[in-house]
Amino acid sequence: MFETAIAGSLPKPAWLAETEKLWPQWTMQGPELQQAKADATLLWIKAQEDAGLDVIGDGEQARQHFVHGFVEQVEGIDFVNKVTMGIRNNRYDAQVPQVVAPLRLKGRVHAFEAQLARKHTKKKLKFTLPGPMTIVDTVADRFYGDKVKMAMAFAELLNQEALALQADGVDIIQFDEPAFNVYMQDAADWGVAALEVAARGLTCTTAVHICYGYGIKANVDWKQTLGDQWRQYEQVFPALAKSSIQQVSLECFQSHVPPELMQLLDGKDVMVGVIDVASDVIETPQQVADTIGLALKYVPMKHLIACTNCGLAPMSREVAMAKLEALAQGAALARQRYGS
Ligand code: ZN
C-alpha cells in the first residue's frame, strides 16, 4: 500500500557536473566521466534505498538533460550546431540540436546505467525516457516539416530502446511528457497515440509523467499566470484513461491542480505528487500523509503511489535527500493512518 517512487531525476554531485543547473556541463570526459556517472548512479541507488523508497531509479545521473540524453544517441541530428529556440510554447529559451536527416538510433542509449542499476538493487527499478511530444518540443526540425510525423519517428526509436531496457530487467518504463500540459489539444489528438507507439509490445509496467516542470524560475513564473485552478490535466486524462499506459504521474502538493481531476484516471495507477520540487522547504511526514489522504478521495488505495511532483535535478543534494526521506516517512505515516 502506498508505494513510494520519485519522478526521475536527482541532483548530480559537484564532482560529476555543475550543480543546480538544468543543462549542466560535465566536470570531466572520457573513461573518467563514465566512471563518475556510474559512481553517482550507485550513490543515489543507495540513498533511495536508505530513505526507504520502494521503486528505485538511476536518478538520471548518466544524462546531461532528460531529453538530450536520449537525443544524443540519435542519428540524423546535428548536435554540434545547436540553435536557440523557445520551448514549451516559448516559456523559455533553450539551446537545442537540429533534426537534419531521417532519424535512427546509433545503438543502445541507456544500457550502461540501466544494467548497472539493475545489478545493484533488488527493488523495483523504474527507468525514464522522454516522451515523443516533449522531444519534438525540445529539438529544432529542419527535415520532417511535420510535428506528428517527427513525433512518430521518435516514438519508434523510443520503442526500440524501451524494449531493450525491458530486456535489461527494468520493471517500469516511464515516459516524461511535460509538453502534454502545454499543448493539451495536441496531446489528446496525437500525443497519447505517439506514447502508445513508444510503449508498443512492452510487458513491463508502463507510465507517463506529466508535470508543470522543474522548479526553475521560468516555470515558477509561468505557473503564476495559470490562475487559481490548473485544469490542463482535464483535457489529457480522458485520452490517457483510454490508453494502454498503466501509471500516470501528476503534480499535486502546492499546485493549483483541482484534486478531483484524478478521478479522470479511473483504472490507472496514479503517482500522486506529494513532494514539491519548486521549494527547498522540506515537507513534513504529516503533510505528505495529508496529501495522500486528499488523493484517497479520488484514487483507490491500491492504485495510489506516492511520488515527487517532478524531478529533483536542479535542487541541492541536501534538500533532495531530505525530500526523499520525507516522502518515505510520509507514506509510512499514511499506511498507519489509512491502512485497514
Ligand atoms: Zn516533471
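Data block above holds the structure.
Residues numbered from 1 in each chain as written. Predicted model: local features only at pLDDT ≥ 70, side-chain atom pairs only at ≥ 80, totals over all residues.

Student: Help me understand the overall build of the protein in this model?
Tutor: Within the protein, the secondary structure is distributed over 10 helices and 11 strands. The globule rule puts the C-alpha radius of gyration for 340 residues at 20 Å, and the 19 Å found for the protein is close to it. With the C-alpha coordinates of the protein rotated into their principal frame, the extents come out at 55 × 45 × 40 Å. Excluding contacts between residues fewer than 6 apart, the proportion of contacts in the protein whose partners are at least 24 apart in sequence is 78%. (Helix = DSSP H or I, 4+ residues; strand = E, 2+ residues; numbered from the N terminus. Rg over C-alpha atoms; globule rule 2.2 N^0.38 Å. Contact = placed C-beta atoms within 7 Å.)

Student: Mind showing me how you'd approach the environment of A207 here?
Tutor: Take A207: it is sitting in strand 8 (residues 205–209). In sequence terms A207 and Q174 are 33 residues apart; their C-alpha atoms lie 4.3 Å from each other. If we ignore the near neighbours within four places in the chain, the residues touching A207 are I172, Q174, I245, Q246, Q247 and S249.

Student: It is not clear to me how the sheet that holds strand 4 (residues 92–105) should be interpreted in this structure. Could you clarify?
Tutor: The pairing of strands in a sheet comes from backbone hydrogen bonds and takes either a parallel or an antiparallel form. If you walk across this open sheet you meet the three strands as 3-4-6, and the pairing is mixed. One side of each edge strand has no neighbouring strand; the edge strands of this open sheet are strand 3 (74–87) and strand 6 (140–141). By the bridge criterion, two bridges tie strand 4 to strand 6 in an arrangement that is parallel. Looking at strand 6, one finds that Q98 is bridged to A140. The sheet contacts of helix 5 (residues 147–167) involve strand 3, strand 4 and strand 6, and relative to strand 4 the element is tilted by about 75°. (Pairing = 2+ DSSP bridges. Axes fitted to C-alpha atoms, helices over the stretch in contact; angles between N-to-C directions.)

Student: Could you clarify how one ought to interpret unusual backbone geometry in this entry?
Tutor: The general pattern is negative phi for most residues beyond glycine and trans for most peptide bonds. The backbone of N89 shows a phi angle near 60°, a positive value even though the residue is not glycine. Relative to the elements of secondary structure, N89 occurs in the loop between strand 3 and strand 4. Given 10 C-beta atoms within a 10 Å radius, N89 is considered exposed. With a phi close to 70°, N90 is a non-glycine residue in the positive phi region. (Buried ≥ 20, exposed ≤ 12 C-beta atoms within 10 Å, placed from the backbone.)

Student: What's the story with the packing of helix 9 (residues 285–296) against helix 10 (residues 317–338) in this structure? I'm lost.
Tutor: In a packed pair of helices, the relevant descriptors are the angle between the two axes and the axis-to-axis distance. Interhelical geometry of helix 9 versus helix 10 gives an angle of 55° and a closest axis separation of 7 Å. Viewed along their axes, helix 9 and helix 10 adopt a mutual orientation that is oblique. As for how helix 9 packs across helix 10, the hand of that crossing is right-handed. Touching P285, Q286, Q287, V288, A289, I292, G293 and L296 of helix 9 are A326, L327, Q329, G330, A331, L333, A334, R337 and Y338, all from helix 10. Residues of the contact of helix 9 with helix 10, tallied by class, amount to 11 nonpolar, five polar and one charged. (Parallel < 35°, antiparallel > 145°, perpendicular 65-115°, else oblique. Left-handed = near helix turned anticlockwise from the far one by under 90°. Nonpolar A, V, L, I, M, F, W, Y, C, P; charged D, E, K, R; others polar.)

Student: Teacher, can you tell me more about the pairing of strand 8 here?
Tutor: Looking along a regular strand, one sees side chains alternate from face to face of the sheet. By the criterion of burial, strand 8 is predominantly enclosed, with four of the five residues buried. Where strand 7 (residues 172–176) and strand 8 come together, five bridges link them in parallel fashion. Bridge assignment links I172 to a residue of strand 8, and that residue is T205. Where the polypeptide runs from strand 7 across helix 6 (residues 184–198) and back to strand 8, its parallel neighbour, the crossover connection is right-handed. One ladder, built from three bridges, connects strand 8 with strand 9 (residues 247–250); its direction is parallel. (Right-handed = clockwise from strand over helix to strand, strands pointing away.)

Student: Looking at this structure, I do not really get the nonpolar core. What am I missing?
Tutor: Among soluble globular proteins, nonpolar side chains are generally buried collectively. Within the largest apolar cluster, 106 residues are counted, with the highest numbers of intra-cluster contacts made by F154, V270, V272, V274, I292, A306 and L327. Contacts of V274, omitting those with residues within four sequence positions, involve C252, F253, V288, T291, I292, A306, C307, L327 and G330. (Core = buried A, V, L, I, M, F, W, Y, C linked by C-beta atoms within 7 Å.)

Student: Hey, could you run me through the packing of helix 1 (residues 30–51) against helix 10 in this one?
Tutor: It is the contact of helix 1 with helix 10, at a shortest axis distance of 8 Å, that shows an interaxial angle of 35°. Between helix 1 and helix 10 lies a crossing whose hand is right-handed. Contacts between helix 1 and helix 10 involve A47, Q48 and A51 from the first element and M321, L324, E325 and A328 from the second. Across the contact of helix 1 with helix 10, the residue classes tally to five nonpolar, one polar and one charged.

Student: Please explain the sheet that holds strand 9 as it appears in this structure.
Tutor: On the basis of which strands lie adjacent, the open sheet formed by eight strands has the order 1-11-10-9-8-7-5-2 and parallel pairing. Whereas interior strands pair on both sides, the edge strands pair on one side only; in this sheet they are strand 1 (3–4) and strand 2 (55–56). The sheet strands contacting helix 5 are strand 5 (124–130) and strand 7, and the helix crosses strand 5 at an angle near 170°. Taken strand by strand, helix 9 contacts strand 10 (269–275) and strand 11 (304–308), and its axis lies near 145° from that of strand 10.

Student: Would you mind going over the environment of A51 with me for this structure?
Tutor: Mapped onto the elements, A51 comes out in helix 1. Distance from A51 to T203, taken between C-alpha atoms, is 29 Å for residues 152 residues apart in sequence. Not counting chain neighbours up to four residues away, the residues in contact with A51 comprise L324, E325 and A328.

Student: Teacher, can you tell me more about the pairing of strand 10 here?
Tutor: Along strand 10, seven of the seven residues are buried, which leaves the element largely enclosed by surrounding structure. By the bridge criterion, four bridges tie strand 9 to strand 10 in an arrangement that is parallel. Residue L250 lies in a different strand from strand 10, and its bridge partner there is V272. As paired strands, strand 10 and strand 11 are joined by five bridges and run parallel to one another. Looking at strand 11, one finds that V272 is bridged to A306. Running through helix 9, the crossover from strand 10 to the neighbouring parallel element strand 11 is right-handed.

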